[in-house]
Amino acid sequence: MTESTSFIHLKVHSEYSVVDGLIRIPELINRTVELRQPAVALTDLANFYALIKFYSGAISKGVKPICGCDLRVCDTDNSDSAAPLTFLIKNINGYHNLITLISKSYQEGQRRGQILTQRKWIESHHEGLIVLSGGREGSIGQALLKHDEMQAKAELSYWMKLFPDSFYLELQRTDRPGEEHYIHQAVDLSSQFECPVVASNDVRFLREEEFEAHEARVCIN
């Protein structure tokens, strides 16, 4: 995380994501204050374990807490592939809907060690939520990286219809393979569909020197 009074992180995994995050909640809030950022999101992987600690801690330090989570979304219960989306809560209705989606994913969506969320569940529980596309790893990003523009357009149209005025194409620049190609294609797609874009980063640790510890945890998994 770097200092900025205008940039807000919308995609952060804490230690409660277990295999995909090192960040402790008090340290996240203190670092946000240190960097003079007015708000921060917590989007742990398919869980709300840290929600109360995060919300109360952020409020006590004058930081606006943005609550949400990352879900891996698949087409059907026997789908072999899933793509990540980030869900952020707008209001109490969105809070209840996201709780329902997380619960159904644990009760009915566990496959091969993953917690998966079916699209049909989201269609029934979508109100009050803001959704980020998942960047190059999301379904739109994967279609663009495969040069399948028709599929990318179909995916974007689907999500924009389900989340009117609340769906954003994610742009990330972290030197990962295919990233620049994705960014240019996504910006072009956003212009065609008048879909807003948002800059994000996959925050899994707070300082550069913590990368090796994070990588070790991912490898252990």
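First things first, this report covers the structure right here in the doc. Every value quoted in this text rests on a predicted model; they were computed, and no experiment measured them. (Residues numbered from 1 in each chain as written. Predicted model: local features only at pLDDT ≥ 70, side-chain atom pairs only at ≥ 80, totals over all residues. Heavy atoms only, no water.)

**Some thoughts on the nonpolar core**
The biggest cluster of nonpolar side chains holds 47 residues, and the ones touching the most others in it are Phe87, Leu98, Phe163 and Phe167. In this structure, Phe163 is in contact with Phe87, Ile122, His126, Leu129 and Val131, ignoring residues within four places of it in sequence. Within the second largest apolar cluster, seven residues are counted, among which are Ala39, Ile66, Leu88 and Val198. (Core = buried A, V, L, I, M, F, W, Y, C linked by side-chain atoms within 4.5 Å. Buried < 20%, exposed > 50% of the residue type's maximum accessible area, 1.4 Å probe, protein only. Contact = heavy atoms within 4.5 Å.)

**Structural notes on the packing of aromatic side chains**
For the structure on display, the rule yields five aromatic pairs. Centroid distance Phe87 to Phe163: 6.4 Å. Interplanar angle 70°. Geometry classified as edge-to-face. Pair noted here: Phe87 is in strand S3 (residues 83–89) and Phe163 is in the loop between helix H6 (149–162) and strand S7 (167–171), with a separation of 76 residues, a long-range link. Looking at Phe87, the relative accessible area reads 0%, which means it is buried. Taking 6.3 Å as the distance between ring centres and 25° as the angle between the ring planes, the aromatic pair formed by Trp159 and Phe163 counts as stacked. A relative accessible area of 1% places Trp159 in the buried class. Aromatic ring contacts, followed pair by pair, group Phe87, Tyr158, Trp159, Phe163 and Phe167 into a single cluster. (Phe/Tyr/Trp six-rings, centres within 6.5 Å; stacked < 30°, edge-to-face > 60°. Helix = DSSP H or I, 4+ residues; strand = E, 2+ residues; numbered from the N terminus.)

**Looking at the packing of helix H1 (residues 25–34) against helix H2 (residues 51–60)**
Taken N-terminus to C-terminus, the directions of H1 and H2 make an angle of 30°; their axes are 10 Å apart at the nearest point. In this view, H1 runs roughly parallel relative to H2, as classed from their interaxial angle. Classified by chirality, the crossing of H2 by H1 is right-handed. Contacts between H1 and H2 involve Ile25, Leu28 and Ile29 from the former and Lys53, Phe54, Gly57 and Ala58 from the latter. (Axes fitted to C-alpha atoms, helices over the stretch in contact; angles between N-to-C directions. Parallel < 35°, antiparallel > 145°, perpendicular 65-115°, else oblique. Left-handed = near helix turned anticlockwise from the far one by under 90°.)

**Some remarks on the packing of H6 against helix H7 (residues 179–193)**
Relative to each other, H6 and H7 sit at 55°, their axes nearing to 11 Å. Judged on the interaxial angle alone, H7 and H6 are oblique. Handedness of the H6/H7 crossing: right-handed. Side by side, H6 and H7 meet where Glu149, Ala152, Lys153, Leu156, Ser157 and Met160 of the first sit next to Leu189, Gln192 and Phe193 of the second. Its residues placed into classes, the contact of H6 with H7 shows five nonpolar, two polar and two charged. (Nonpolar A, V, L, I, M, F, W, Y, C, P; charged D, E, K, R; others polar.)

**Describing the pattern of salt bridges**
All chains considered together, the criterion is met by eleven salt bridges. Note that Arg24 and Glu15 form a salt bridge whose closest N and O atoms lie 3.4 Å from each other. A relative accessible area of 46% means that Arg24 is categorised as partly exposed. A salt bridge links Glu34 to Arg31, with the nearest nitrogen and oxygen atoms 2.6 Å apart. Of this pair, Glu34 and Arg31 both sit in helix H1, separated by three residues, roughly a single helical turn. For Glu34, a relative accessible area of 47% corresponds to the partly exposed category. One network of salt bridges, in which partners are shared, links Lys11, Glu170, Arg176, Asp202 and Arg204. (Salt bridge = Lys/Arg side-chain N within 4 Å of Asp/Glu carboxyl O.)

**Some details on the pairing of S3**
Of all seven residues in S3, seven are buried, a share of seventy percent or more. The two faces of S3 match: Ala83, Leu85, Phe87 and Ile89 on one face and Pro84, Thr86 and Leu88 on the other face are all buried. Pairing of strand S2 (residues 64–74) with S3, which is carried by six bridges, proceeds in the antiparallel orientation. For Leu71, the partnering residue across the bridge sits in S3 and is Leu85. (Pairing = 2+ DSSP bridges.)

**Concerning the side chain of Glu179**
Considering the arrangement of structural elements, one finds Glu179 in helix H7. Here Glu179 occupies a buried position and makes no salt bridge, while the nearest side chain of opposite charge, Arg136, is found at 4.5 Å. Once residues within four sequence positions are removed from consideration, Glu179 is found in contact with Arg136, Gln172, Arg173 and Thr174. (Lys, Arg positive; Asp, Glu negative; His and termini not counted.)

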